[in-house]
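Chain by chain, the residues run as shown.
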Amino acid sequence: MVSLKDVHKSFGNLKVLNGITFDVMKGEVVCVIGPSGSGKSTLIRCINALNPIDKGSIKVEGMEVHAPKVDKLQLRRKVGMVFQQYNLFPHKTAIQNVMMAPIHVLKQDKVEVEARARRLIKKVHLEGKEDSYPGELSGGQQQRVAIARSLAMNPEVMLFDEVTAALDPETVKEVLLTIRELAEDGMTCILVTHEMGFARELANHIYFTDRGVIVEHGPPKTFFTEAKDARTKEFLSQIL
Amino acid sequence: MAKLPGIDGRASTDLPVLNPLPRHFAASAVHKCGPDWYRLELRPWHGWLLLAAFVMVAAVAEAQSSAPLDRSPLATLYRWIPFIVWQNGNGFVLNLTISFFAMAIGTVLGAILGLLRVSLYMPVRGGSWFVTQFFRNSPWLVLLFCIMLLMPYEMSIGGKLVRIPDWMKAVIGFSLPIMANIAEIVRGAVQSIPTGQWESAESLAFSRRQTMWMIIFPQCIKRMIPPWMNWYAILTMSTPVASVLGVEESVYLAAQAMVAEDSRPELLGPFYGFLLVIFFLYCYPIAKWTMHLERKFEVNG
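First things first, this report covers the structure right here in the doc. This is a predicted model, so every value here is computed, not measured.

## Remarks on the pairing of strand E1 (residues 154-157) of chain B
Residues and elements named next belong to chain B. Where E1 meets strand E2 (residues 160-163), four bridges bridge the pair, whose relative direction is antiparallel. If you follow glutamate 154 over to E2, its bridge partner there is arginine 163. In this antiparallel pair of consecutive strands, E1 and E2, the connection spans two residues, and glycine 158 shows a positive phi of 60 degrees.

Next comes the structure, spelled out in structure tokens:
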């Protein structure tokens, strides 16, 4: 479904991605972990064409993301993204946030979109908050609205860029529950996260990146207990 | 000045906790670091001072005048007030008319220019930058001269010769620097929207135009209102500059009135003092409302 081959990216002189290669199958939940500055966020953003890459190829459902004439709008209808800073539109209510993209981008019928939006808001356990503005919602609630908003576009892959990093532990649980339900429904998810517990429970595959390369990877069963590389062991020992 | 316990006086508790800073400390800090240093901070005491100055000058003039009572400076001023303020739609009313139209035209053109400034195409950005900087940094009087003396006094529109009155040329002359300053406000507002908004709009497959009109620009409007109103007040106070070019607004008519009254020197104080007072009376509510809106929008950000 998503395949990266030998992806390189630099910001000026700083080499951020140094030959990343991996594949994500349909329905898989993949977690990318690693220290700050290892290129995790950049990697996710490159999959969504928010950052261009210098070398290599990223394919989403056969579509080459960084081809010169790629239809970015077509790509982004397949790939949904949720950010660390929620990035909700502050001048619209929660339900308007969720409805905006399907109405104006997909040109779907307003009544249908509204019904669907209400279902999605219910799905993320936020009934009753449809008409609140983002400023009136807590961080966890805003993040769940952001997830609902991305889901409204019916993507095939969901990207999560450290979505719980700005939240307190209680609200982290709420958001992770939502993502868990999503994963159990069969959505392909690529998460950049520091939540090891979540990764251990839910991920099909874990990739550890450091300084722009994938140092080690494996299913959670073996990854956490039988880490081979010294760098991986060092990282895991600090957080587990 | 509020007193901080523990610093300016005795601490009321032994815990190292200060009360939150009083509003005016934080507010004034933001004020001084604000992007628009042409801030017009009119206060009531300015008005009282002007009124007091006017009264004093008028009193002295009255005392010194040797004319009979009905020709005293204040009585003369009182007779001429209708002429100076609204004679045939000229006078002070003309100042307000010029400021209204110049602001309207300047705002529309400035919004366009400001949006061009954030275009994806380099030549468009560069051209817009040049136009903005040119009109921002040109003296308003010189621009006014150029427009008023270079524009024809009549144009043929649809086969008919239409006379363009002086005040319309003044409107165009004033709208140019206003356009440039509004463009800067618009550009600043667009660039102050966090990049996360652009990115999340992109991720939802909005086109650039949709992003700009449905997501970015609505958020900008709130931020643009205080500096916009500030420029309106500045513009209104600059309209007397047009009197140099013969536009019959209040300063010009006041000068004419004084000439009609034999140019007696004791009239200068009362007449010009009166002009200061009416301009203040018009601009102060605007400035006050601007400050109120700034405070209101500050907290939300």
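## Digging into the environment of Pro227(B)
Examined against the element boundaries, Pro227(B) turns out to sit in helix H9 (residues 208-238). Considered as a pair, Pro227(B) and Glu294(B) are 67 residues apart in the sequence and their alpha carbons are 8.7 Å apart.

## Some thoughts on the nonpolar core
If you look at the biggest cluster of nonpolar residues, it comprises 128 residues, and the most contacted ones within it are Ile47(A), Val98(A) and Ile190(A). Per element, the largest residue contribution to this core is 13 residues, and it comes from helix H7 (residues 166-192) of chain B.

## Side note on the sheet that holds strand E8 (residues 188-192) of chain A
Residues and elements named next belong to chain A. Taken together, the six strands give an open sheet; going across it, the order is E6-E7-E8-E3-E9-E10, and neighbouring strands pair in mixed fashion. The open sheet has two edge strands, strand E6 (79-82) and strand E10 (213-218), and neither has a second partner. Here the strands of the sheet are splayed against their neighbours by 20 degrees on average, with no regard to which way each runs. Two elements, strand E3 (residues 29-33) and E8, share four bridges in a ladder whose sense is parallel. What sits directly across from valine 29, in E8, is cysteine 189.

## What about the sheet that holds strand E2 (residues 14-24) of chain A?
Residues and elements named next belong to chain A. Across the sheet, four strands lie side by side as E2-E1-E4-E5; this open sheet has antiparallel pairing. Each having just a single partner strand, E2 and strand E5 (63-64) make up the two edges of the open sheet. As paired elements, strand E4 (residues 55-60) and E5 share two bridges and run antiparallel to each other. Within E5, the residue paired with lysine 59 across the bridge is glutamate 64.

## Remarks on helix H3 (residues 73-86) of chain B
All names here are of chain B. For H3, spanning 14 residues, the distance from its first C-alpha to its last is 20 Å, which sits close to the expected 20 Å at 1.5 Å a residue. Its maximal kink placed at tryptophan 80, H3 deviates by approximately 45 degrees, while the proline proline 82 follows within four residues. Among the residues of H3, those classed as buried are Pro73, Thr76, Leu77, Trp80 and Ile84. At the C-terminal side of H3, asparagine 88 shows a positive phi close to 55 degrees.

How each quantity is defined
- Residues numbered from 1 in each chain as written.
- Chains lettered and ligands numbered in written order.
- Predicted model: local features only at pLDDT ≥ 70, side-chain atom pairs only at ≥ 80, totals over all residues.
- Pairing = 2+ DSSP bridges.
- Helix = DSSP H or I, 4+ residues; strand = E, 2+ residues; numbered from the N terminus.
- Core = buried A, V, L, I, M, F, W, Y, C linked by C-beta atoms within 7 Å.
- Buried ≥ 20, exposed ≤ 12 C-beta atoms within 10 Å, placed from the backbone.
- Axes fitted to C-alpha atoms, helices over the stretch in contact; angles between N-to-C directions.
- Expected span 1.5 Å × (residues − 1).
- Bend = angle between axes of the 7 residues up to and from the residue.

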